[in-house]
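Structure at a glance
Residues per chain are reported as follows:
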Amino acid sequence: MSEQEISEEETLHVAHLARLGLSGAEVKSFSKQLSAILQHAKDIATLDLDDVVPTKHAISLMNVMREDTVGDSLDRDEVLASAPEAQSGMFVVPKILGES
Amino acid sequence: MDLGAQEIADLVKSSKVSATQVVEAHLDEISRYDSRVNAFLLVMAENALEQAKRIDVRRSKGEELGPLAGVPIALKDNMAVSGFATTCGSKILEGWKPPYTATAVKRLVAADAVLIGKTNLDEFAMGSSTENSAYFPTKNPIDPTKVPGGSSGGSAASVAARFTPIAIGSDTGGSIRQPASLCGIVGVKPTYGLVSRYGLVAFASSLDQIGPFARNVQDAALALQVLAGHDDRDSTSIPGSHFDNSFTDRVAGLRIGVIQEMTTGISGAVEHTLNDAIAFLRSMGATVEAVSIPSTTYGLSAYYLIAPAEASSNLSRFDGVRYGLRVPGADITQTYEQTRAEGFGAEVKRRMMLGTYALSAGYYDALYGRAQKVRTLILDDFAKAYGAYDVLISPTSPTVAFGLGDKTDPLAMYMADVCTIPSNLAGHPAMSVPFGCDEAGLPIGIQVLAPAMGEQIMFSVAQSLQNGAAKPAVPVWRRD
């Protein structure tokens, strides 16, 4: 685990990865707070974990299968009624591809 | 209003009281006193009265009613009920009405429970005080200057304030047990996979579990019996699982371990109550000994890497496209960033950042990967302990309820979960039972931990503790 604090630049990079807009004040406070939290988490860096298998899930269930049968699904209009913008049975989103 | 769930169900089933009378009385209590507690984000009065009426009609026709006949129930507002706003305590979901109902809720309704409202929580269940709600903080009914704990603080407050005999919460790192301890009631986190998570808005999917709050152990068990069971809609639901609500209060001959790592850094009053509990269990014939579970010391660090990592992935769905808030930007990326900037509160942002960082290139192995290995150590250590002991006990929370606004440092707030987190990492059941209080009368809970699917023995020990416990704390406006 790295010794250094999380710089403001690094904080901005992570915010971009998380698609999270941050104000200047948030960048400053998060950079400090995240550094402090990770500093605390450093206690696990001292453990010898080389031969330990990671646990992704506490209760191991393997390949849960079910019959592929037709069942009820959610009503399209009802689902779209909750969307910020919908049209002709589809979600409306800002244009993704640029003009070229 | 002091009636428990079993008493209400018995009265309604035998037509001594109608479900409508029960619901009216509880709605009246909420309208009178919830302004002092702020437990509810939404009171479903009309729906509750209609539901009660249908139950009464069926009863008058001689139909047999379910085990929760006419019992008013409050739901943490991160569980979906079709057609009713589900906010998760967040502005990003304000106004969203899910088109589906959580399996846990369907099971309650099928048992003839009455849904009375949705309760306040830390935004997306991230917090230990319910102060992170985007709407308002909830207050502890025992002392309104204190927090009720969190994240299921509204549900805990509803039960402690006698607004409902049962409330449902979710527990990812202690969010049922810690508020139960701080409010002086019973709170249960079942074995991971015992209760379906379908319709529970995901925080950290490998840790989240739904469970009940009640004012006594029997009512919590009654609720869990209804909630538990396999669900095809949740692939992590344990096939064939159920909880049989029949247990004793016998602890004679049981071997009980007291987790040493959870007895350091606790307040004097909590230590005193723990010692009282140990003495009581011994007097009932149990063997009680100290046991060391060394890896639980690292639980907090592992949890605050794993849970935010899973959350940063789960909460990526809140992007302003399919539901909830949208803040339009110049392009899609800006729309995402602005929507999330405006819709999420500080703690949710902090955990998104922490989780994204722990999963990002260069840190994945050192942070997230190592945390998952610590999870293995905790499972191994618990397995070793359960080789020698039937159940384990500890304090639920290192302190009694703290003051509203007291904890401003995020790390200090995280410490509130230090005793509860290991059970989530292990997927094991654990519950909090009120046992004592400090000089000021603030409640203190004892945590009972059991191995996976060990609910039966966990409830037996809890029932025994309840027999030996100090009288439960009463809400401040009912003290005299």
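Residues numbered from 1 in each chain as written. Chains lettered and ligands numbered in written order. Predicted model: local features only at pLDDT ≥ 70, side-chain atom pairs only at ≥ 80, totals over all residues.

1. Some thoughts on the pairing of strand β5 (residues 186-189) of chain B
Residue and element names in this part refer to chain B. The alternating pattern of β5 places V186 and V188 and G187 and K189 on opposite faces, both of which are buried. Where β5 and strand β6 (residues 209-214) come together, two bridges link them in antiparallel fashion. The partner of G187 across the bridge, within β6, is F213. Pairing geometry for β5 and strand β10 (residues 430-437), over three bridges, is antiparallel. Within β10, the residue paired with K189 across the bridge is A430. (Buried ≥ 20, exposed ≤ 12 C-beta atoms within 10 Å, placed from the backbone. Helix = DSSP H or I, 4+ residues; strand = E, 2+ residues; numbered from the N terminus. Pairing = 2+ DSSP bridges.)

2. Regarding helix α15 (residues 455-468) of chain B
Residues and elements named next belong to chain B. The end-to-end C-alpha separation of α15 is 20 Å, in line with the 20 Å expected for 14 residues at 1.5 Å each. Where α15 is concerned, the buried positions are E455, M458, F459, S460, V461, A462, Q463, S464 and L465. Buried residues in α15 make contact with α7 (217-227), α8 (268-283), β9 (391-395), β10 and β11 (443-449). (Expected span 1.5 Å × (residues − 1). Contact = placed C-beta atoms within 7 Å.)

3. A short note on the confidence of the model for chain B
Confidence along chain B averages 96 in pLDDT terms, with 100% of residues attaining 70 or more. In the predicted assembly, ipTM is 0.92 and pTM is 0.97. (pLDDT = per-residue confidence, 0-100.)

4. Description of the interface of chain B and chain A
Contact residues are listed per partner, giving 58 residues for chain B and 42 residues for chain A. Those elements that provide at least two residues to the side of chain B that touches chain A are α9 (299-314), α10 (332-343), α11 (346-359), α12 (364-388), α13 (410-414) and α14 (421-426) of chain B. For the side of chain B that touches chain A, the element with the highest residue contribution is α12(B), accounting for twelve residues. Here the side of chain B that touches chain A is composed, by residue class, of 30 nonpolar, 16 polar and twelve charged. (Nonpolar A, V, L, I, M, F, W, Y, C, P; charged D, E, K, R; others polar.)

5. Here we look at the pairing of strand β4 (residues 166-171) of chain B
Residue and element names in this part refer to chain B. Here β4 lies mainly inside the structure; six of its six residues are buried. Here β4 shows no split at all, with I166, I168 and S170 on one side and A167, G169 and D171 on the other all buried. When strand β2 (residues 72-76) meets β4, the two strands line up parallel, connected through three bridges. Looking at the pairing, I73 lines up with I166 of β4. Sheet topology note: the β4/β6 ladder contains six bridges and is antiparallel. Looking across to β6, one finds that I166 is bridged to A214.

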